[in-house]
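Survey of secondary and tertiary structure
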Amino acid sequence: MRVETLRVATGEPGELRVVAEITEGKVVNAEVCSTTTPLSWETLVLEKPVEFAVVAAERVCRGCDASAGLAVAEAAEDALGVDVPDDARRARELLNMANVVKSHARTLAVADLGVEEPAYELVRAAKEIVRMVGGKPQHPPAVTVGGLAIERIPVERVESVAKDAVETAEEVLDDVESAVDDLREDLEVEPRERPTELSVSDTYRGDVDRGAIEVLTPEEFYRMRTTRRIATNLVAQYEGKPALVGPAARRGGAEHPVEHHVARAEEIVSMLDGIADAASGLDGSGEYRTDDVEAGSGEGAAAVEAPEGVLVVRLRLRNGRVDEAEMITPSNFKAALAGDLLPGLTVEEVETVLRSLGLSGRCLTH
Amino acid sequence: MRVALLSLMSCGSCAENLEIVCQSEGHELVWSSLRDDGEVPDVDVLFVDGAVDFADADARERLERAVSSADVVVSLGSCAATGGFERHAIGMREPARYHFTVFPAAKFADTDYAIIGCPPTEDAIASFLEALEEGDDDRLEPYRVLSGDFHGLDPNLPSPVRGPEATVEDVLLTSNKDLCLGCDLDVVERELFCTGCGACAASCPAWAIEIDEKPEIREDRCIRCGTCFATCPRSFRA
């Protein structure tokens, strides 16, 4: 038996590593961690105005950019007791759905599933919707404490772009299902224990019991010396156990890790429908922001259903500046269970499984 | 064109836009560090996405190897071109280790061009590749000027700085988190070059600039990407 540290190219930014005990070409025991240089969002926002925490969160990782900004804005609103107008809440939900479509479509495009061209078409459609609602196609700058800093949304155009993309999304779903069937036959994966699924709610926003989330340092979570030495990430568990988050958790689980891709393709279709519905019920020149935001003090938290799973932000503010911050990302949860999916696989198969899980080194370390 | 992508300290948005452009404009993305772990094949253009952590010897070595496989090297996005947002990086939580060591790619490798933006738009990337393919030097000139040490962090530094030869002073000076391309807008305004055209505000990816006859930077939203400076029609002071 030998212990190897493998770099895994999942298609996402950052440096993801698997420390694996390998016998006769197959993984016997494995741990998944990140060696990405820490941005340390929690530290770099300290003493900065809370608005900076929003724009900084949007630059942690491309996949969940809008969702991360929304989570920070909502945690700040919770801390400051800011009541966001209903139009803004609906527009934010729409923005988050577009972010899910953008992220999932790009993940599918680079997953060697044969859907590159239509998937990138969907990325473009989603970016167009993000631009119309969030101000720019990436890192949407309209996300702000108190709502969205935008005066009008071209709701008819949003609805039209979403509806036009549905047909392509359904084609992608068919192709992904077929490709995943082939992958599943080639890959035998038996997790030691089926994890419980964790999702915020059936919408993008809701309550997660922060007290039930346990955040562990590398020394506390990892068993192998090598992993403890190289890991630059924390690991999150829910109610003392690893929890599955993300598209598969939102649909009630996955029998096999590669089914995460199917869950993504399904979600793209349902989110596009959701965007069209939401846009049709939205007042294009509604009230998207409250002016009733003061640079006050307080403590608050928010949980957002980001593309790859539950994203939790907790803030303590002092005179409008960040006094303490915490961000728990989807990859923090996924790292806790990823290692258990790998025993019995070859090194090549490890990459396929981790790619389907949607792990990002950047998200994991942030 | 045969294109490769090396992603370093980055959120991945620049890479996403490059992938889309390659797919839609018929360029062949033959290698990407996001998807491949092997050596970079010979390519026409290498795009470097993200800043370089001086403390990360592995990243510096990967950059050096990748550059040697390409005819043309391009810093893709503000983080690669100037350090950009990544210069805010703090480093490890525990133990308290600080990274005052985030550099643009040009500090460690000879780069030919840079495309500023957070992220650069698909149109900007496509337009650059078209100019490169056509050998249109006039259109390439702004990208050339923005590469290398133009980022204004320290024009006296020898370029490129190679690995351990950098002094502590060099590291600290070039990591000054208060400096950025955007700050040069003050120079533009102070020297009465500013016409109040609003190009900076329109291009700002964080909506950190408001125009009240002249630009006013909202420090609470500025990410120091330099897009405003690169966009300003009067910032290139010959």
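Here the structure is a predicted model, which means the values were calculated and not measured.

**Digging into the overall build of chain B**
Regarding its fold elements, chain B presents nine helices and nine strands. For chain B, with 238 residues in total, the buried portion stands at 59%. Summing over all exposed atoms, chain B offers an accessible surface of approximately 9900 Å²; the carbon and sulfur share of this is 48%.

**Quick word on the state of the cysteines**
Summed over all chains, the structure comprises zero disulfides over all chains. Cys 61 of chain A provides the cysteine sulfur closest to Cys 363 of chain A, a residue in no disulfide bond, and the two sulfurs are 5.7 Å apart. In this model Cys 11 of chain B remains outside any disulfide bridge; the closest cysteine sulfur is found in Cys 14 of chain B, 6.2 Å from its own.

**Some remarks on the sheet that holds strand β3 (residues 26–34) of chain A**
All names here are of chain A. Reading across the sheet, the three strands line up as β1-β2-β3 and stay open at both edges, with antiparallel pairing between neighbours. Lying at the two open borders of the sheet, with one neighbouring strand each, are β1 (2–8) and β3. Neighbour to neighbour, the strand axes of the sheet diverge by 25° on average, direction disregarded. Of the pairings in the sheet, the one linking strand β2 (residues 16–23) to β3 comprises eight bridges and is antiparallel in character. Looking at the pairing, Arg 17 lines up with Cys 33 of β3.

**Some thoughts on the pairing of strand β1 (residues 2–7) of chain B**
All names here are of chain B. The buried fraction of β1 amounts to five of the six residues, a majority that puts the element mostly inside the structure. As paired strands, β1 and strand β2 (residues 28–32) are joined by four bridges and run parallel to one another. Bridge pairing links Val 3 to Leu 29 in β2. In this fold, the crossover linking β1 to β2 by way of helix α1 (residues 13–25) has right-handed handedness.

**So, the confidence of the model for chain B**
As a general rule, the predicted coordinates of low-pLDDT regions are not to be interpreted in detail. Residues and elements named next belong to chain B. In the predicted model, chain B carries a mean pLDDT of 79, and the fraction of residues at 70 or more is 74%. Counted against residues more than four places away or in other chains, residues 93–97, with its pLDDT under 50, gives 10 contacts. Ignoring residues within four places in sequence, the model shows residues 150–185, a span with pLDDT below 50, making 78 contacts including any to other chains.

**Observations concerning the interface of chain A and chain B**
Contacts between the two partners involve 53 residues from chain A, matched on the other side by 43 residues from chain B. Summing both partners gives a buried area of about 4200 Å² for chain A against chain B, and 50% of it is carried by carbon and sulfur. Considering only the surface of chain A that becomes buried against chain B, Arg 7, Thr 37 and Arg 59 of chain A emerge as the three largest contributors, covering 15% of it. Across the chain A-chain B interface, the total number found is 10 salt bridges. Arg 17 of chain A serves as the salt-bridge partner of Asp 58 of chain B, at 3.8 Å between the closest nitrogen and oxygen. Inspection of the region where chain A meets chain B yields 24 residue pairs in polar contact (both at pLDDT 80 or more). Of all the secondary structure elements, the ones that give two or more residues to the side of chain A that touches chain B are α1 (41–44), α2 (50–57), α4 (86–109), α5 (116–134), β4 (143–144), α12 (347–357) and α13 (361–365) of chain A. Top contributing element to the side of chain A that touches chain B by residue count: α5 of chain A, with seven residues. Classifying every residue of the side of chain A that touches chain B gives 20 nonpolar, 13 polar and 20 charged.

The rules we used
Residues numbered from 1 in each chain as written. Chains lettered and ligands numbered in written order. Predicted model: local features only at pLDDT ≥ 70, side-chain atom pairs only at ≥ 80, totals over all residues. Heavy atoms only, no water. Helix = DSSP H or I, 4+ residues; strand = E, 2+ residues; numbered from the N terminus. Buried < 20%, exposed > 50% of the residue type's maximum accessible area, 1.4 Å probe, protein only. Areas by Shrake-Rupley, 256 points an atom, 1.4 Å probe, with all protein chains shown as cover. Disulfide = S-S within 2.5 Å. Pairing = 2+ DSSP bridges. Axes fitted to C-alpha atoms, helices over the stretch in contact; angles between N-to-C directions. Right-handed = clockwise from strand over helix to strand, strands pointing away. pLDDT = per-residue confidence, 0-100. Contact = heavy atoms within 4.5 Å. Buried area = accessible area lost by both parts, 1.4 Å probe. Salt bridge = Lys/Arg side-chain N within 4 Å of Asp/Glu carboxyl O. Polar contact = N/O pair within 3.5 Å; in protein donor to acceptor, adjacent residues only side chain to side chain. Nonpolar A, V, L, I, M, F, W, Y, C, P; charged D, E, K, R; others polar.

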